[in-house]
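# Chain and residue survey
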Amino acid sequence: MTCLRPCSRGLAALLVATLCLGACASQQDVLAPLENRDDLPSRDLNSLAAGDLLMAAGEPDDALGVYYRVANRDGLSAEVLAAIGTANLALGRLNQAEKTLRASIDMNDRFATTWNNLGVVLVNRGDWAEAVEVFRLAFGLDDGESTEIRDNLRFAEQNLADIDEDGALPANYRLERRGNGRYLLVGL
């Protein structure tokens, strides 16, 4: 009887891993064209680099599967959590993106891109004040080198100033993906 509790945990972990691998199994067809890519740092198609290539190709759902496999194999690092959060952001899954990006920041708060992407989530939620603060942190961590982060900060500051008494925002915007997992907010 003392084995029941540890065995149940092991069984639950095995079940979760099996479900994750089963959901990702069909992605081998998607990853097949990556096998001959020279720009991959390794031939490991279950690497962050492979997931990043899928993100750049506009395939965040497939990239998410790769990131989950990396997490299953290597554990959850700040970098893996940031990649998962960014893929969820691209898929419009704001709750999951926010939780995962915040978890990444809790592990390592020195990644400007993670702060930037959290700011984008907050803008999408309409939380302009916190978005401005988050973009300021990202801008500081990046030493002002990223034009995307600078533009996102300006955009958020401008829109925070334009909010009327009812909290309504007069400007529309769209999300534009830039390199290295960064997102730019563009006013329409």
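Residues numbered from 1 in each chain as written. Predicted model: local features only at pLDDT ≥ 70, side-chain atom pairs only at ≥ 80, totals over all residues. Heavy atoms only, no water.

So, about the confidence of the model for the chain. Looking at the chain, pLDDT values average 77 and 63% of them are 70 or higher. Taken together, the stretch residues 1–31 has pLDDT below 50 and engages in 19 contacts with residues farther than four places along the chain or on a different chain. (pLDDT = per-residue confidence, 0-100. Contact = heavy atoms within 4.5 Å.)

This next bit is on the packing of helix H8 (residues 128–141) against helix H9 (residues 147–162). For the pair H8 and H9, the least separation of the axes is 9 Å and the interaxial angle reads 155°. The angle between the axes of H8 and H9 places the two elements in the roughly antiparallel class. The element H8 and its partner H9 pack so that their crossing is left-handed. Contacts between H8 and H9 involve Trp-128, Ala-129, Val-132, Phe-135, Arg-136, Ala-138 and Phe-139 on the former and, on the latter, Ile-149, Arg-150, Asn-152, Leu-153, Phe-155, Ala-156, Glu-157, Asn-159 and Leu-160. Counted by class, the contact of H8 with H9 contains 11 nonpolar, two polar and three charged residues. (Axes fitted to C-alpha atoms, helices over the stretch in contact; angles between N-to-C directions. Helix = DSSP H or I, 4+ residues; strand = E, 2+ residues; numbered from the N terminus. Parallel < 35°, antiparallel > 145°, perpendicular 65-115°, else oblique. Left-handed = near helix turned anticlockwise from the far one by under 90°. Nonpolar A, V, L, I, M, F, W, Y, C, P; charged D, E, K, R; others polar.)

To continue, consider the pattern of salt bridges. According to the stated counting rule, one finds seven salt bridges in the structure shown. The partner of Arg-125 in a salt bridge is Glu-98, with the nearest N and O atoms 2.8 Å apart. Of this pair, Arg-125 sits in helix H7 (residues 112–125) while Glu-98 is found in helix H6 (residues 94–107), placing the two residues 27 residues apart along the sequence. Overall, Arg-125 belongs to the partly exposed group, its relative accessible area being 37%. Between Arg-136 and Glu-157 there is a salt bridge whose closest N-O contact spans 3.2 Å. In this pair, Arg-136 is assigned in helix H8 and Glu-157 in helix H9, connecting sequence segments 21 residues apart. Of the residues examined, Arg-136 reaches a relative accessible area of 41% and is grouped as partly exposed. Here the residues in one salt-bridge network are Glu-98, Arg-102, Arg-125 and Glu-130, joined through shared partners. (Salt bridge = Lys/Arg side-chain N within 4 Å of Asp/Glu carboxyl O. Buried < 20%, exposed > 50% of the residue type's maximum accessible area, 1.4 Å probe, protein only.)

Let's shift gears to the packing of aromatic side chains. According to the stated counting rule, one finds one aromatic pair in the structure shown. Centroid distance Trp-128 to Phe-155: 5.9 Å. Interplanar angle 55°. Geometry classified as tilted. You can see Trp-128 sitting in helix H8 and its partner Phe-155 sitting in helix H9, a full 27 residues away along the chain. The pair Trp-128 / Phe-155 is uniform in exposure class, with both members buried. (Phe/Tyr/Trp six-rings, centres within 6.5 Å; stacked < 30°, edge-to-face > 60°.)

Moving on, we get to H9. Counted at 1.5 Å a residue, the expected span for H9 with its 16 residues is 22 Å, and the 22 Å between its end C-alpha atoms agrees. Along H9, the residues that are buried comprise Glu-148, Ile-149, Asn-152, Leu-153, Phe-155, Ala-156 and Asn-159. One side of H9 carries all its buried residues, which in axial view fall inside an arc of 165°. Residues of H9 that are exposed and angled more than 90 degrees away from the buried face: Arg-154 and Ala-161. (Expected span 1.5 Å × (residues − 1). Arc of directions from axis to C-beta.)

Grouped together as the largest cluster of nonpolar side chains are 21 residues, with contacts concentrated most on Trp-115, Leu-118 and Phe-135. When residues of this core are traced back to their parent elements, those giving at least two are H6, H7, H8 and H9. A per-element tally of this core places H7 first, with seven residues. Residues in contact with Leu-118, not counting those within four places in the same chain, are Glu-98, Leu-101, Arg-102, Ile-105 and Val-134. One finds Ala-50, Leu-54, Val-70 and Val-80 within the second-largest nonpolar core, a separate group that totals 14 residues. (Core = buried A, V, L, I, M, F, W, Y, C linked by side-chain atoms within 4.5 Å.)

The complete set of buried residues in helix H3 (residues 48–56) reads Leu-48, Ala-50, Gly-51, Leu-53, Leu-54 and Met-55. Where H3 terminates, the next one or two residues include Gly-58, which has phi positive at roughly 80°.

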